[in-house]
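Observations on the three-dimensional arrangement
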Amino acid sequence: MTIIRDIFKRNRERNDPTIPSKEAKDVPEGLMCKCPECKTIVLTKEMAKLQKVCPKCDHHCKMTAHERVDSLMDEGSFESIDDHLKSSNPLGFPGYTEKVEADSEKTGLNEAVLTGKGTINGQAVVAAIMDSHFRMGSMGSVVGEKITRAVEKATAEKLPFIIFTASGGARMQEGVLSLMQMAKTSVALKRHSNEGLLFISILTHPTTGGVSASFASVGDINIAEPKALIGFAGRRVIEQTVREKLPEDFQTAEFLLAHGQLDAVVHRHKMRDTLSTLIKLHTKGAVARG
Amino acid sequence: MAKKVQKTMPFEEPLIQLRKKIGELREYTENAEVDLSAEISSLESRLEKLETDIYEDMKPWDRVQVARHPNRPTTLDYIPLLFEDFIELHGDRLYGDDEAIVGGIAMFNGQPVTVIGHQRGKDTKENVRRNFGMPHPEGYRKSLRLMKQAEKFNRPIICLIDTKGAYPGKAAEERGQSEAIARNLVEMAGLEVPVISIVIGEGGSGGALALGVGNHILMLENSTFSVISPEGAASILWKDAALAQTAAEAMKITAPDLLEMGIIERIIPEIRGGAHHDPVKQAEFLSSAISQSLDELNPMSGESLIDQRYDKFKGIGVFTE
Ligand SMILES: [Zn+2]
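Residues numbered from 1 in each chain as written. Chains lettered and ligands numbered in written order. Predicted model: local features only at pLDDT ≥ 70, side-chain atom pairs only at ≥ 80, totals over all residues. Heavy atoms only, no water.

Some thoughts on the overall build of chain A
Stated formally: Segments assigned H or I by DSSP are reported as helices when at least four residues long, segments assigned E as strands when at least two residues long, and all are numbered from the N terminus. Relative accessibility thresholds used throughout: buried, under 20% of the residue-type maximum; exposed, over 50%; partly exposed, between the two (1.4 Å probe, protein chains only). Contacts were defined at the residue level, with two residues in contact if any of their heavy atoms lie within 4.5 Å. Per-residue and other accessible areas were derived by the Shrake-Rupley procedure at a 1.4 Å probe size, with only the shown protein chains allowed to occlude residues.
In terms of regular secondary structure, chain A is built from 10 helices and 11 strands. Across the 290 residues of chain A, 60% fall into the buried class. Of the contacts made within chain A by residues no fewer than 6 positions apart, 70% connect residues no fewer than 24 positions apart. Surface exposure of chain A reaches about 12,100 Å², of which carbon and sulfur atoms provide 52%.

This is the structure in structure tokens:
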């Protein structure tokens, strides 16, 4: 949880390219954007075509949930569900409701995850796509409930479930209720798994804390985008605890792959095809066995 | 149990002062030829009233201090008081044996059970060995191994939660701290035997929840269960860890709070002033709570235990439609 502030501080400089940074003031807003990693200026339209992967340095910029849907699903196939759920303020935190409303306005989402059903190369899936532009993708009651309902829908319709994670962890303003969403999503995933259905987790930048320590890490297949930050505890917290210098690539997708924690690191341009193939390979009754 | 020097907590300060004063008067009457028995008795009744006032109305921050008290009974203190024939089982069969979690088989009222609990130390030496009760992935994987074993032999599982959280370290990350916790959550959801999770001290975040997907969650009266420590919350919210006291109230982390939110089934009463005042008596309270839960859960089939757990956790959350 403490990790949230940490991550977003460290990565403030390499944020969504459509949000102009201080140095990018001279760049016409909307028309052009600047790669937060190598500072190359690219036409926004061009960047969208490239699925927000920098043409020069290959940096995978953050995507909104809707951009992800566009890059992944067959055109017009996605139908969202549970857009009507609204967060309450169960602990009565001053300003919390206003913050959620402001982010809702900004992103066009009701909460930090977009859920629904769509097709990938004609194959139906239920998907949940987290959006770190909404309260840093943190998980409160609504995020937990939306993911749980999406998993239940996949179970009921006997469909694969796919999640794109992007989250700083549990949402502090909802206290222990946020923590319990880790368990809630888990009981739903267990039921989905018991039906022999496929669950693919795609970990994108950043996936940490309570989200990393629940659904993000228990896919039948766990994939990450290149260079994504993935971990349980925050780097600063760990450095303070162990009092040693951590390697440069600590908690990156590549670091996790090397330590046996991921099935694969997949480039965004190959994500749709990879998922499509994986789903095809799990189609039931393609060849009868036994 | 040998009488230990009890560490006092700030909220107990008025009691300490008053007890000291009574002691001084007593000593004075013994040496001097003055009868102060009326004064002493008046102070004693004031003390009794003050004790009631302080202990019956403990604030969240007071409870945090009690939950963290160095003499508070731990998993290994309770095990011999609650069970017979305990045999500890070690190791995750993958990497090592994490002594921040202990587990094994024991007899409870004639029924074999699997017991698993976080284990912190009471002094520096033991805390080094137990890593302050903050597990590595192998601790969670050992737990899961023992839970699966319990399921095979149809034994109920009793988890005792007492941790500040999973250990935030380099090796823990390398060996998959996230996956180890996440795996426990999913696999506990599917266990066909009763699971009772009891918070006996601090229940800190995911590292606590990894033993917490129970059919029943119970909390000792002065235990806490939270997404982040009060200090952590204060430093994020107000950039000042010193405001932990305020955060402890704002975050709603006490047993009565969790009961109200529908997260836990029952509160287990504590000895006045905290479990450390009388661990033997406290174990009796724990024992009867475990009995009560087992009476309710033992008759249930594997399938209905899974369904009950599903409904319990599905129902947690506050939102509007
Ligand atoms: Zn670039």
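We are not done yet, so read on.
Focus: the pairing of strand 8 (residues 199-208) of chain A
All names here are of chain A. The line we're drawing: Two strands are counted as paired when DSSP detects at least two bridges linking them. If the strands point away from the viewer and the path from the first strand over the helix to the second runs clockwise, then the crossover is right-handed.
Among the 10 residues of strand 8, 10 are classified as buried, and the element is accordingly described as predominantly covered. Strand direction decides the pairing type here: strand 7 (residues 161-167) and strand 8, joined by 6 bridges, are parallel. Each bridged residue has a counterpart across the sheet, and for Phe-161 the counterpart in strand 8 is Phe-199. Taken together, strand 7, helix 6 (residues 175-194) and strand 8 form a β-α-β motif whose crossover is right-handed. The sheet contact formed by strand 8 and strand 9 (residues 221-224) spans 4 bridges and is parallel. Its bridge partner being in strand 9, Ile-200 is matched across the sheet by Ile-221.

Quick word on the coordination of the zinc ion
Residues and elements named next belong to chain A. Note the cut-off: Atoms are scored as donors when they are N, O or S and lie within 2.8 Å of the metal, with 3.2 Å used for Na, K and Ca; no water is included, so coordination may look incomplete. Under the classification used here, a metal with four donors is tetrahedral if each angle lies between 85 and 135 degrees, square planar if opposite donors are over 155 degrees apart and the others between 65 and 115, a six-donor metal meeting that same test is octahedral, and anything else is irregular.
Distances from the zinc ion to its protein donors, Cys-35 (SG), Cys-38 (SG), Cys-54 (SG) and Cys-57 (SG), fall within 2.2 to 2.4 Å. For the zinc ion, the 4 donor atoms in the first shell make angles of 104 to 112 degrees at the metal, so the coordination geometry reads as tetrahedral. Taken in sequence order, the residues that donate to the zinc ion follow the motif C-x2-C-x15-C-x2-C. Here the residue Cys-38 occupies a position in the loop between strand 1 (32-34) and strand 2 (41-43), and Cys-54 occupies one in the loop between helix 2 (44-49) and helix 3 (65-72), the gap between them amounting to 16 residues. Cys-38 gets classed as partly exposed once you look at its relative accessible area, which sits at 27%. On the basis of relative accessibility, which here comes to 2%, the residue Cys-54 falls in the buried class.

Notes on the interface of chain A and chain B
Selection rule: Summed over both partners, buried area is the accessible surface (1.4 Å probe) that two parts give up on being assembled. What qualifies as a polar contact is a pair of N or O atoms within 3.5 Å, subject to a donor-acceptor requirement within protein and to the restriction that residues adjacent in sequence count only when both atoms come from side chains. Here the nonpolar group is Ala, Val, Leu, Ile, Met, Phe, Trp, Tyr, Cys and Pro; Asp, Glu, Lys and Arg are the charged ones; every other residue, Gly included, is treated as polar.
With 53 residues of chain A at the interface, the matching set in chain B holds 51 residues. Both sides of the chain A and chain B interface together cover about 4,800 Å² of buried area, and 70% of this is carbon and sulfur. Together, A:Met172, A:Met180 and A:Phe232 form the three largest contributors to the area buried by chain A at its contact with chain B, with a combined 13%. Summed over the shared surface of chain A and chain B, the result is 16 residue pairs in polar contact (both at pLDDT 80 or more). Mapped onto the side of chain A that touches chain B, the elements with two or more residues apiece are helix 5 (141-156), helix 6 and helix 8 (235-242) of chain A. The biggest single contributor to the side of chain A that touches chain B is helix 6 of chain A, with 14 residues. Classifying every residue of the side of chain A that touches chain B by side-chain character gives 27 nonpolar, 16 polar and 10 charged. Two elements, strand 4 (residues 86-87) of chain A and strand 9 (residues 319-320) of chain B, share 2 bridges in a ladder whose sense is antiparallel. Looking across to strand 9 of chain B, one finds that A:Ser87 is bridged to B:Phe319.

What to know about the packing of helix 6 of chain A against helix 14 (residues 302-314) of chain B
Operational definition: Here the axes come from fitting lines to C-alpha atoms, over the contacting stretch only for helices, and the angles between their N-to-C directions go from 0 to 180 degrees. Roughly parallel means an angle under 35 degrees; roughly antiparallel means over 145; roughly perpendicular covers 65 to 115; every other angle is labelled oblique. Here a crossing is called left-handed whenever its near helix is offset anticlockwise from the far helix by less than a right angle, and right-handed whenever the offset is clockwise.
As a packed pair, helix 6 of chain A and helix 14 of chain B sit with axes 8 Å apart at the nearest point and diverge in direction by 140 degrees. Accordingly, the angle class assigned to the pair helix 6 of chain A and helix 14 of chain B is oblique. Helix-helix and strand crossings are classified by hand; for helix 6 of chain A and helix 14 of chain B the assignment is left-handed. Contacts between helix 6 of chain A and helix 14 of chain B involve A:Met180, A:Ala183, A:Lys184, A:Val187, A:Ala188 and A:Arg191 from the first element and B:Asp307, B:Arg309, B:Tyr310, B:Phe313 and B:Lys314 from the second. Residue composition of the contact of helix 6 of chain A with helix 14 of chain B, by class: 6 nonpolar, no polar and 5 charged.

Some thoughts on the confidence of the model for chain A
The test is simple: Each residue carries a pLDDT score, the predictor's own confidence in it, on a scale running from 0 to 100.
The share of residues in chain A with pLDDT of 70 or more is 88%, and the mean pLDDT across the chain is 90. Counting interchain partners and residues more than four positions distant, the pLDDT-below-50 stretch residues 7-25 of chain A has 37 contacts.

Quick notes on helix 10 (residues 268-281) of chain A
Residues and elements named next belong to chain A. Here is the rule we go by: Any helix carries an expected span of 1.5 Å times its number of residues minus one.
An ideal rise of 1.5 Å per residue puts 20 Å on 14 residues; helix 10 measures up with 20 Å between its terminal C-alpha atoms. Within helix 10 the residues assigned to the buried category are Arg-268, Met-271, Leu-275, Ser-276, Leu-278 and Ile-279. Where the residues of helix 10 are buried, they touch helix 3, strand 5 (113-120), strand 6 (123-130), strand 7, strand 8 and strand 9.

Some words on the pattern of salt bridges
Applied cut-off: Any Lys or Arg side-chain nitrogen located within 4 Å of an Asp or Glu carboxyl oxygen qualifies as a salt bridge.
With the rule as written, the count across this model stands at 43 salt bridges over all chains. A salt bridge links A:Glu157 to A:Lys153, with the shortest nitrogen-to-oxygen separation between them at 2.9 Å. We classify A:Lys153 as partly exposed; its relative accessible area is 22%. Linking B:Lys148 and B:Glu187 is a salt bridge whose minimum nitrogen-to-oxygen distance equals 2.9 Å. Remark: B:Glu187 occurs in helix 8 (residues 177-189) and B:Lys148 occurs in helix 6 (residues 137-152); sequence separation between them is 39 residues.

A short note on the nonpolar core
For clarity, the cut-off: To qualify as a nonpolar core, a set must consist of buried Ala, Val, Leu, Ile, Met, Phe, Trp, Tyr and Cys residues joined through side-chain atoms within 4.5 Å.
With 122 residues, the main nonpolar core has A:Ile147, A:Phe161, A:Ile200, A:Ile223, B:Ile157 and B:Phe225 as its most contacted residues. With 9 residues, helix 6 of chain A is the largest single contributor of residues to this core. Those residues in contact with B:Ile157, other than ones at most four positions away along the chain, are B:Thr114, B:Ile116, B:Met147, B:Ala150, B:Leu191, B:Val193, B:Pro194, B:Val195 and B:Ile196. B:Ile79, B:Phe108, B:Ile268 and B:Ala289 belong to the second-largest nonpolar core, a separate cluster that totals 24 residues.

Structural notes on the side chain of A:His192
All names here are of chain A. For His-192, the location among the structural elements is in helix 6. Take His-192: its relative accessible area is 1%, and that puts it in the buried class. Residues in contact with His-192, not counting those within four places in the same chain, are Val-151, Ala-154, Thr-155, Leu-159, Pro-160, Phe-161, Leu-197, Leu-198 and Phe-199.

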